[in-house]
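Residue-level structural notes
Listed here are the chains, written in short residue letters.
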Amino acid sequence: MTLAPEVRGTSPEKLLAPVLSAFWDEDRSWSLDVYRRHDGYQGLHKALAMSPDEVIAYVKESGLRGRGGAGFPTGMKWQFIPQGDGKPHYLVVNADESEPGTCKDIPLLFANPHSLIEGIVIACYAIRSSHAFIYLRGEVVPVLRRLHEAVREAYAAGYLGTNILGSGLDLELTVHAGAGAYICGEETALLDSLEGRRGQPRLRPPFPAVAGLYACPTVVNNVESIASVPAILNNGKEWFRSMGSEKSPGFTLYSLSGHVAQPGQYEAPLGVTLRQLLDMSGGMRPGHRLKFWTPGGSSTPMFTDEHLDVPLDYEGVGAAGSMLGTKALQCFDETTCVVRAVTRWTEFYAHESCGKCTPCREGTYWLVQLLRDIEAGKGAMSDLDKLNDIADNINGKSFCALGDGAASPIFSSLKYFREEYEEHITGRGCPFDPARSTAWADQDKHAEVNA
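So, here is what we can say about the structure in this document. (Residues numbered from 1 in each chain as written. Predicted model: local features only at pLDDT ≥ 70, side-chain atom pairs only at ≥ 80, totals over all residues. Heavy atoms only, no water.)

Overview of the state of the cysteines
Two cysteines whose sulfur atoms are joined by a covalent bond form what is called a disulfide. Where we set the bar: Two cysteine sulfurs form a disulfide in these notes if their separation is within 2.5 Å. Buried means the residue's accessible area, taken with a 1.4 Å probe over protein chains only, is under 20% of the maximum for its type, while exposed means over 50%, and partly exposed covers the values in between.
Enumeration according to the criterion identifies zero disulfides in this entry. Summary of cysteine pairing: C216 is not part of a disulfide, and the nearest cysteine sulfur, belonging to C124, is at 14 Å. Here C216 falls in the buried class, since its relative accessible area comes to 9%. As a non-bridged cysteine, C357 has C360 as the owner of its nearest cysteine sulfur, 5.0 Å distant.

Quick notes on the side chain of S255
The following threshold applies: Helix and strand definitions here come from DSSP, where helices need a minimum of 4 consecutive H or I residues and strands a minimum of 2 consecutive E residues; each element is numbered from the N-terminal end. N or O atoms within 3.5 Å of each other form a polar contact, as long as, within protein, one can give a hydrogen and the other can take it, and as long as residues adjacent in sequence are counted only when both atoms are side-chain atoms. When checking whether two residues touch, look at their non-hydrogen atoms; a contact exists if any pair is within 4.5 Å.
When you line up the elements, S255 lands in strand β5 (residues 251-258). You can call S255 buried: its relative accessible area is 0%. Side-chain polar atoms of S255 contact the side chain of Q265, separated by 2.9 Å. Look past the residues within four positions of S255 in its chain and what remains in contact with it is G101, C103, K104, G264, Q265, K327, A328 and L329.

Observations regarding helix α6 (residues 113-127)
What counts is decided by this rule: Helix span, as expected, comes to 1.5 Å for every residue beyond the first.
Counted at 1.5 Å a residue, the expected span for α6 with its 15 residues is 21 Å, and the 21 Å between its end C-alpha atoms agrees. Most of α6 is tucked away, with 15 of its 15 residues classed as buried. The positive-phi residue at the C-terminal boundary of α6 is R128, with phi of around 65 degrees.

Digging into the pattern of salt bridges
The cut-off we apply is this: What counts as a salt bridge is simple: a side-chain nitrogen of Lys or Arg found within 4 Å of a carboxyl oxygen of Asp or Glu.
Enumeration according to the criterion identifies 26 salt bridges in this entry. Taking the shortest distance from any N to any O, the salt bridge between E224 and K104 comes out at 3.1 Å. Of the two residues, E224 sits in helix α10 (residues 223-227) while K104 sits in the loop between β1 (90-95) and α5 (105-111), which places them 120 residues apart along the sequence. A salt bridge links K386 to D383, with the shortest nitrogen-to-oxygen separation between them at 4.0 Å. Highlighted residues: K386 and D383, both in helix α17 (residues 382-394), separated by three residues, approximately one helical turn. Residue K386 is classed as partly exposed on the basis of its relative accessible area, which comes to 41%. A network of salt bridges, in which partner residues are shared, links R340, R344, E347, R372 and E375.

Points about the sheet that holds strand β6 (residues 264-269)
Note the cut-off: For two strands to pair, DSSP has to find at least two bridges joining them. Helix axes are fitted only over the stretch in contact, all axes being lines through C-alpha atoms; the angle between N-to-C directions runs from 0 to 180 degrees.
Across the sheet, which stays open at both edges, the five strands sit in the order β6-β5-β9-β7-β8 with mixed pairing between neighbours. Both edges of this open sheet fall to β6 and β8 (303-304), since each of them pairs with a single strand only. Packing of helix α13 (residues 274-281) onto the sheet brings it into contact with β5, β6, β7 (290-294) and β9 (328-333), and relative to β5 it is tilted by some 65 degrees. Sitting on the sheet, helix α15 (residues 338-352) touches β7 and β9, and the angle it makes with β7 is about 15 degrees.

Put into structure tokens, the structure is as follows:
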């Protein structure tokens, strides 16, 4: 792992690399005035001085990879858009953040929406698009209002609309609130929803770059991916590549949650470890130890305390048997029942399955039935192999990645905690007290002692 010169050092705090979150703590950080004070829209000025193809090449050479889960190179995705085809081109920003544990895009939009808007203008200039969409999760009404206000400010300042900054670029930006379906985080289901249809994944090919929104060439990017572009244009691709690792350069937001002393967003170069992040955040809650954690949300295979020193970049996490995903680091201590946690995650996936394909629709239902029986002490030893078998029939065989995400915690929990599953079966019930794993459990215990 190669860290930027300014973040090397012995102090844990020096491992952080705040860029997107650099001024979140300032008064009215979401406003255009504050954003301009921090070099806001300077990256756009530099981009407009280049040709669209030069912007695409620059982002590609920076090594920026998608921050929404898959880690696909952003510049390469832009390059796939065919030019001179006579069709409208669209940019769609996926802000439908809704996976358990994932909480980076919503805080970013709430505190610094103009970084996304500037990134959108740059991206649309590069792919020659005159209309962009932000598909936002509908439940986050405060963020929706703040985003609408930021878009209004951008129009008034000439960063959106006709002839942006005298460049001849025309761009309309539409903010669309979704109806709260997790499946709409899948890019083709999102496009169907945006068109007014039921959100279900499309058969591919054709891919969105050829036939996306309204059957026209479309780029679908994550919020953080697009919001990272202005800093790259303003500070340079060499600056960006000085952080992170060779194949996973740059900075990113790590969402630390669960049984930790100080949960929150920690922006650091790719390649830091959970041990380093826990060290700078005060570790696990006092008197407890790490039992298991997810590197990229509930849809990624879980890790244990043996994986504290795995580099949190795409290659490091992949080599260790999981996926970096959305960098949602959910940490659970020894008071947590693995079976209970996996059951709750699986209930979520069963509820959010769109029902289009049989493996996911039927498979997640039966996983929930088996897990509930095991948790309640009604399971049999044969159910463990059955769990594994059903998960295997879902994994890689469903229409989209939702099925794979539902299978991941099943496989990994059986791999690392099979004995805990067996204890539920032989002991005819859960050996854990759910109250002990709550955030306020230790406070209640101290209150009883002091009473």
